[in-house]
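# Reading the structure
Listed here are the chains, written in short residue letters.
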Amino acid sequence: MIRIFVGFDPRETVAWHVLSHSILARASEPVAIVPLALGGLGGLMRRERSPLQSTDFAFSRFLVPHLSAYEGWSVFMDCDMLVRRDVAELWALRDERYAVMCVKHDHRPTETVKFLGARQTVYPKKNWSSLMLFNNARCRALSAGYVDAASGLELHQFKWLESESLIGELPRRWNHLVGWDAHDPEAANVHFTDGGPYFDEYQGCEYAGEWFLERARMLRVDQRADDGGAVAATVPGRAVLPA
């Protein structure tokens with residue numbers, strides 16, 4: 001079972017569902033997808049919201065090892081992503097030498113504001129934590145109490161690890177930063193880090209067309225045998241039929 005925790009923010013509910021559909025539609029192995037919704041964490045997150053925090057799951061992502069009982073491996077993903085390949089290929093990259101694995105971006109945004117007017121911040125290892133493979137037994141430092149009290153930089157810069165040698169590197173195609181990385185037709189997972197096409201101002205971004213098609217497929221309902229099994233869905237600027 002591939003255990004996947006996806007960050008949930010009620011302002012991006014549609015993003016969570018489309019990402020989940022993109023995972024399920026391509027998975028060749030059983031997956032369990034868990035929303036990291038604050039209301040469902042049993043009071044584990046009591047910290048006040050930081051003015052630098054752009055999503056509800058900025059810190060709760062680090063509860064994944066605790067929620068996994070520090071057993072086996074788990075995946076964490078931001079909700080503003082779209083998976084284009086079989087997630088079993090990502091799962092197969094697990095390496096017991098490491099406590100956590102991620103794409104090691106050198107992301108240095110120059111803008112000051114991103115989606116929903118959130119303040120853009122720049123810090124070393126930015127976006128490393130947006131997709132992580134956790135080797136849960138080796139992440140016991142991430143207790144519920146520690147995650148609730150630690151600073152954002154302590155968490156996102158992996159200062160809870162004894163050594164940076166415990167951070168394994170994933171191929172860049174598993175966290176392609178839309179609008180920042182050079183276009184890659186082979187990208188396995190695209191990340192709308194500045195803002196997804198579900199926001200009006202980002203409807204023309206790279207891979208937006210694929211995201212709207214995925215949403216259309218997610219909304220498909222087969223009616224009668226004589227209707228061809230297709231339900232029209234709207235993509236900004238044109239109508240499409242989900243395949």
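Shown above is the structure to which this text applies.
Summary of the structure given here. (Residues numbered from 1 in each chain as written. Predicted model: local features only at pLDDT ≥ 70, side-chain atom pairs only at ≥ 80, totals over all residues. Heavy atoms only, no water.)

## A closer look at the overall build of the protein
Counting secondary structure elements, the protein contains six helices and 11 strands. By the burial criterion, 52% of the 243 residues in the protein qualify as buried. Taking contacts inside the protein between residues at least 6 apart in sequence as the whole, the part at least 24 apart equals 72%. (Helix = DSSP H or I, 4+ residues; strand = E, 2+ residues; numbered from the N terminus. Buried < 20%, exposed > 50% of the residue type's maximum accessible area, 1.4 Å probe, protein only. Contact = heavy atoms within 4.5 Å.)

## Looking at the pairing of strand β1 (residues 2-7)
With five of its six residues buried, β1 lies for the most part within the structure. The parallel pair β1 and strand β2 (residues 31-36) is bridged by helix α1 (residues 13-26), and the resulting crossover is right-handed. (Right-handed = clockwise from strand over helix to strand, strands pointing away.)

## Overview of the packing of aromatic side chains
Under the defined criterion, the tally for this structure stands at eight aromatic pairs. Aromatic rings pair up to connect F62, W128, F158 and W160 into one cluster. Above the ring of W128, the side-chain terminus of K125 is found at 5.3 Å from the ring centroid. (Phe/Tyr/Trp six-rings, centres within 6.5 Å; stacked < 30°, edge-to-face > 60°. Lys NZ or Arg CZ within 6 Å of the ring centre and 35° of its normal.)

## Quick word on the side chain of D148
Mapped onto the secondary structure, D148 falls in helix α4 (residues 144-149). Residues contacting D148, with those up to four places away along its chain left out, are L44, M45, R46 and R47.

## Side note on the pattern of salt bridges
For the coordinates displayed, the defined rule picks out nine salt bridges. Ionic pairing is found between E214 and R26, a salt bridge with its closest N-O pair at 2.8 Å. Of this pair, E214 sits in helix α6 (residues 208-218) while R26 sits in helix α1, placing them 188 residues apart in sequence. Overall, E214 belongs to the buried group, its relative accessible area being 3%. (Salt bridge = Lys/Arg side-chain N within 4 Å of Asp/Glu carboxyl O.)

## Observations concerning the packing of α1 against α6
Packing of α1 against α6 leaves a shortest axis separation of 9 Å and a crossing angle of 80°. As the angle between them shows, α1 and α6 are arranged roughly perpendicular. In this structure, α1 uses V14, A15, H17, V18, H21, S22, A25 and R26 to contact α6, whose residues at the interface are W211, E214, R215, R217 and M218. Class assignment of the residues belonging to the contact of α1 with α6 gives a composition of six nonpolar, three polar and four charged. (Axes fitted to C-alpha atoms, helices over the stretch in contact; angles between N-to-C directions. Parallel < 35°, antiparallel > 145°, perpendicular 65-115°, else oblique. Nonpolar A, V, L, I, M, F, W, Y, C, P; charged D, E, K, R; others polar.)

## Points about the sheet that holds strand β4 (residues 81-83)
Judged by pairing direction, the sheet is mixed, and its three strands sit side by side in the order β4-β9-β8 without closing on themselves. At either end of the open sheet lies a strand with only one pairing partner, and these are β4 and β8 (176-177). Relative to strand β9 (residues 189-191), β8 is paired through two bridges, and the arrangement is parallel. Directly across from H176, in β9, lies its bridge partner V190. (Pairing = 2+ DSSP bridges.)

## Concerning the sheet that holds strand β7 (residues 167-169)
Taken together, the six strands give an open sheet; going across it, the order is β2-β1-β3-β6-β5-β7, and neighbouring strands pair in mixed fashion. Edge strands, defined here as strands with exactly one partner in the open sheet, are β2 and β7. The average undirected angle you get between the axes of adjacent strands in this sheet is 25°. In the sheet, strand β5 (residues 100-102) pairs with β7 via three bridges, with the strands oriented parallel. Of the residues in β7, the one forming a bridge with C102 is E169. Set on the sheet, α1 makes contact with β1, β2 and β3 (73-77); between it and β2 the angle comes to about 170°.

## Regarding the side chain of S60
Along the chain, S60 falls in the loop between β2 and α2 (64-67). Once you skip the residues sitting within four places of it in the chain, S60 turns out to touch L36, L38, L41 and M45.

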